[in-house]
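Observations on chain architecture
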Amino acid sequence: MLQAARARFSKTEFISCPSCGRTLFDLQKTTARVKKATSHLKGLKIAVMGCIVNGPGEMADADYGYVGAARGRITLYKKKEVVRTNIYSDDAVDELIRLIKENGDWKNL
Ligand code: SF4
């Protein structure tokens, strides 16, 4: 309730797009991987969006964004800024973790 009202963040918040014909990767599987790796990062908002056409606009005020850029390629965002491009999707979750660490937002379990 408080989390929904944004009054207090007691866990990581995830946004993912509903997926559509433009989706460039397995959204459910990828979102599950991202959640598994980052769900202990209380207070962070992480977006997983299927495509770069509408994804960045739809991920609103996310702290980090994981966005499909082309088949098998991912772009990572920090807030609204593109910070990594052309990442192989196989490496992109690890790269997202690296990015979060570089920005001092990572916490060990
Ligand atoms: S972000 Fe892209 S893939 Fe996701 S629902 Fe919107 S248009 Fe479709």
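Let us look at the structure shown here. (Residues numbered from 1 in each chain as written. Predicted model: local features only at pLDDT ≥ 70, side-chain atom pairs only at ≥ 80, totals over all residues. Heavy atoms only, no water.)

1. Notes on helix α1 (residues 27–38)
- If you check α1, its first and last C-alpha atoms are 16 Å apart, about what twelve residues at 1.5 Å a residue would give, namely 16 Å.
- Among the residues of α1, those classed as buried are Leu27, Thr30, Thr31, Val34, Ala37 and Thr38. Buried residues along α1 cover an arc of 130° about the axis, so they all sit on one side. Residues of α1 that are exposed and point over 90 degrees away from its buried face: Gln28, Lys29 and Lys36.
- The distance from a side-chain oxygen at the start of α1 to the backbone nitrogen of Gln28 is 3.3 Å, and the residue carrying that oxygen is Asp26. (Helix = DSSP H or I, 4+ residues; strand = E, 2+ residues; numbered from the N terminus. Expected span 1.5 Å × (residues − 1). Buried < 20%, exposed > 50% of the residue type's maximum accessible area, 1.4 Å probe, protein only. Arc of directions from axis to C-beta. Polar contact = N/O pair within 3.5 Å; in protein donor to acceptor, adjacent residues only side chain to side chain.)

2. As for the packing of aromatic side chains
- Taken as a whole and assessed by the stated rule, the structure comprises one aromatic pair.
- Between Phe25 and Tyr66 the ring centres are 5.5 Å apart and the planes differ by 80°, which places this aromatic pair in the edge-to-face class. One end of the pair, Phe25, is in the loop between β1 (13–16) and α1; the other, Tyr66, is in strand β3 (residues 64–70), with 41 residues separating them in the sequence. Exposure class is identical for Phe25 and Tyr66. Each is buried. (Phe/Tyr/Trp six-rings, centres within 6.5 Å; stacked < 30°, edge-to-face > 60°.)

3. Focus: the environment of Val53
- Along the polypeptide, Val53 turns up in the loop between β2 (45–49) and α2 (55–58).
- Owing to a relative accessible area of 51%, Val53 belongs among the exposed residues under this scheme.
- Along the sequence, Val53 and Ala69 sit 16 residues apart, while their C-alpha atoms lie 8.4 Å from each other.

4. With respect to the pairing of β3
- Counting buried positions along β3 gives five out of seven residues, so the element sits mostly inside the fold.
- Examined bridge by bridge, β2 and β3 share four bridges and lie parallel to one another. Following the sheet pairing, Ala47 is matched in β3 by Gly65.
- Looking at chain direction, β3 and strand β4 (residues 73–78) are connected through six bridges and run antiparallel. Counterpart to Gly65 in the pairing with β4 is Tyr77. (Pairing = 2+ DSSP bridges.)

5. Concerning the site of the ligand
- For the ligand, the full set of nearby residues is Cys17, Pro18, Ser19, Cys20, Arg22, Thr23, Gly50, Cys51, Asn54, Gly55 and Glu58.
- For the shell around the ligand, the per-class residue count stands at four nonpolar, five polar and two charged. (Near = heavy atom within 4 Å. Nonpolar A, V, L, I, M, F, W, Y, C, P; charged D, E, K, R; others polar.)

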